[in-house]
Amino acid sequence: MMTERNEKHGTLHRAVDKTSDALGGMVGRAAANTAGSTSAASFVENAAIGDMYEIAAAKVALQHAQSDLVKAAALKMIADHTTSTHQLRSAMIMNETKGVPALPDSIDARRKTMLDHLQAAPADKFDATYLDQQILAHKETVDLMNGFKDSGDNAQLRSFAAGTAPVVERHLAAMERLRDQIA
């Protein structure tokens, strides 16, 4: 039986959404590996927006995920990315970060599109869509954190990146295992 979600978002649209998300992930990783790896302003913007996306996507997952394991993973994303945001805000009040632009207060168009795709995913494809997006987002964030800790232009933010990178790497591994488990 087709649900209203399935009817509103057919197979072709889902394929286009998945392709768009994958391309967006590649663009994000490219940005993380260039300016995001060296410029404090770019790093802060990307790290903050990444946290906002993770929290928003996890809230959608709590509403629509079929698997209790996916819902548990979403709760972990909310907790850990809220902590990351608090730690980034704390780093931003240190003397070493004076002159670095403040954290953005809204999500960017690329991640907004990913959230739209997640919202549009039909019930039977939701968990896979969420996990695929999480893997893309965490690969981008791993690149961002590792790149900045190695090459960033701000010592305080390099320290934040060094402390955050292992957490994000664990998230990535957990999402990959979960995707394999429910596939």
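What counts, and at which threshold
Residues numbered from 1 in each chain as written. Predicted model: local features only at pLDDT ≥ 70, side-chain atom pairs only at ≥ 80, totals over all residues. Heavy atoms only, no water. 1 Å grid on protein atoms, 1.4 Å probe; cavity = no way out; pocket = protein on both sides within 12 Å on 5 of 7 lines; lining within 4 Å. Points joined across faces, edges and corners; volume = space filled by probe spheres on them. Nonpolar A, V, L, I, M, F, W, Y, C, P; charged D, E, K, R; others polar. Core = buried A, V, L, I, M, F, W, Y, C linked by side-chain atoms within 4.5 Å. Buried < 20%, exposed > 50% of the residue type's maximum accessible area, 1.4 Å probe, protein only. Helix = DSSP H or I, 4+ residues; strand = E, 2+ residues; numbered from the N terminus. Axes fitted to C-alpha atoms, helices over the stretch in contact; angles between N-to-C directions. Parallel < 35°, antiparallel > 145°, perpendicular 65-115°, else oblique. Left-handed = near helix turned anticlockwise from the far one by under 90°. Contact = heavy atoms within 4.5 Å.

Let's shift gears to the layout of surface pockets. Considered as a void within the structure, the second largest pocket measures approximately 280 Å³ in volume. Lining the second largest pocket are 27 residues; nearest its centre among them are Asp-51, His-81, Ser-84, Thr-141 and Val-168. For the lining of the second largest pocket, a count of residues per class yields ten nonpolar, eleven polar and six charged.

What follows is about the nonpolar core. In this structure, Phe-126, Tyr-130 and Met-175 are the most contacted members of the largest nonpolar core, which totals 25 residues. Those elements that place two or more of their residues in this core are α4 (40–64), α5 (68–92), α6 (109–120), α7 (123–151) and α8 (155–182). Counting residues per element, this core draws most heavily on α7, which supplies six residues. In terms of nonpolar packing, the next biggest core, distinct from the first, is built from 17 residues, Ala-40, Leu-88, Met-145 and Ala-165 among them.

Orientation of α4 relative to α5, taken along the N-to-C sense of each, is 155°, at an axis distance of 8 Å. On the basis of the axis angle, α4 is roughly antiparallel to α5. Here α4 and α5 pass one another in a crossing that is left-handed. Facing α4, whose interface residues are Val-44, Ala-47, Ala-48, Asp-51, Glu-54, Ile-55, Ala-58, Lys-59, Ala-61 and Leu-62, α5 presents Lys-71, Ala-74, Leu-75, Met-77, Ile-78, His-81, Thr-82, Ser-84, Thr-85, Leu-88 and Met-92. Partitioning the contact of α4 with α5 into residue classes produces 13 nonpolar, four polar and four charged.

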